[in-house]
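# Descriptive structure summary
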Amino acid sequence: MKGEREPKPLKNTYSAPALEKGFDVLELLADHPDGLTLTEIASGLDRSMNELFRLVVVMERRGYLRKMAESDRYRVTYRVLDLAYRATPVQDLTHIAAPVMYDLAHAVLQSCHLVVPAEGRGLVVLRQENPGPTGFSVRLGAQIDLFRSCSGNVLLAFTDSERLHALLSSRSEETQEMVEAAGTVLAAIRVRGFEQRTSPMTHGVIDISYPIFGFDGRLAATLTIPFLERIDGSQPVAMDATRTMLAEAAKTISAKLGWYDSNDAD
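A quick note: this is a predicted structure, and the numbers were derived from the prediction, not measured.

With that settled, the discussion passes to the packing of aromatic side chains. Within the structure shown, the criterion is met by 3 aromatic pairs. Both rings, one in Phe 194 and one in Tyr 210, keep their centres 5.0 Å apart while their planes meet at 15 degrees; by these two values the pair is stacked. Here Phe 194, found in the loop between helix 10 (183–192) and strand 6 (195–198), pairs with Tyr 210, found in strand 7 (residues 205–213); they are 16 residues apart in sequence, far enough to count as distant. Comparing Phe 194 with Tyr 210, the two get one shared label, buried. Among the aromatic residues, those joined into a ring-pair cluster are Phe 158, Phe 213 and Trp 259. A cation sits over an aromatic face here: Arg 192 above Phe 194, 5.9 Å from the ring centre.

Written out as structure tokens, the structure reads:
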């Protein structure tokens, strides 16, 4: 909802109306992946079409929006995602993780995806699809619920308290209560070092997720396989073997990011 996208600043000293309207358009369209017409954008933002027309045209010209000829709907382009990759540590993370995830997917014949913490949710920033004839994968750019999902719980479990507060600051006041209620589950994940559970959304899928750490020892992302079970007994790689290879892949990515596992010391 709009209230979640726009946390109120403590002080409103400065104002840049055109810039703010541009951000409003992007955030509105982010919730409508099929796009909106200019009329629908104006209605959704409670602004006039005249007020937004030139703004939207400029955003389209700069490559942030694309107008679909068949429907006159505007959609956010991947230019926004490209900027996010280049302007944040996600670029280094995805560059390092991509070949490891490719090898993992081809070894276990399952898809895998990388999730980073972002504005009170998890965000899928990279995925590798199952190279086999059938499979299940999560959409790139999908938002992940921190409390209901396997990846989200791993993010919560391994994020230090300072960053956890910042991560959840845009959510409701009930969030702290939710973290406390999940305390036992999160503690168990930390002890195990990973999480595995039946998907809350899809039958026949068991999610397995491991944390990835950066050079500073802090959580950088989670690497997750939505393990798709075959009912005909033709499973190419068993779940236990898949989990072992997933753990090794997460450890490899962490090491390439500069993380040092003290347990490996002599």
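Don't stop here, the text continues.
With 18 residues, helix 11 (residues 239–256) extends 26 Å between its outermost C-alpha atoms, agreeing within 8% with the 26 Å of an ideal straight helix rising 1.5 Å per residue. Those residues of helix 11 that sit buried are Met 239, Thr 242, Arg 243, Leu 246, Ala 249, Ala 250, Ile 253 and Ser 254. Along the axis of helix 11, the buried positions cluster into a sector of 135 degrees, meaning they face one direction only. In helix 11, the exposed positions that point more than 90 degrees away from the buried face belong to Thr 244 and Lys 256. The positive-phi residue at the C-terminal boundary of helix 11 is Gly 258, with phi of around 100 degrees.

The next point concerns the pattern of salt bridges. Taken as a whole and judged by the stated rule, the model has 10 salt bridges. Residues Lys 21 and Glu 51 are paired through a salt bridge, measuring 3.7 Å at the closest nitrogen-oxygen approach. One end of the pair, Lys 21, is in helix 2 (residues 17–30); the other, Glu 51, is in helix 4 (residues 49–61), and 30 residues separate them in sequence. Given the relative accessible area of 33%, Glu 51 is considered partly exposed. One salt bridge in this structure joins Asp 72 and Lys 67, with 3.8 Å as the shortest N-O distance. Asp 72 gets classed as partly exposed once you look at its relative accessible area, which sits at 42%.

Basis of the calculations
- Residues numbered from 1 in each chain as written.
- Predicted model: local features only at pLDDT ≥ 70, side-chain atom pairs only at ≥ 80, totals over all residues.
- Heavy atoms only, no water.
- Phe/Tyr/Trp six-rings, centres within 6.5 Å; stacked < 30°, edge-to-face > 60°.
- Helix = DSSP H or I, 4+ residues; strand = E, 2+ residues; numbered from the N terminus.
- Buried < 20%, exposed > 50% of the residue type's maximum accessible area, 1.4 Å probe, protein only.
- Lys NZ or Arg CZ within 6 Å of the ring centre and 35° of its normal.
- Expected span 1.5 Å × (residues − 1).
- Arc of directions from axis to C-beta.
- Salt bridge = Lys/Arg side-chain N within 4 Å of Asp/Glu carboxyl O.

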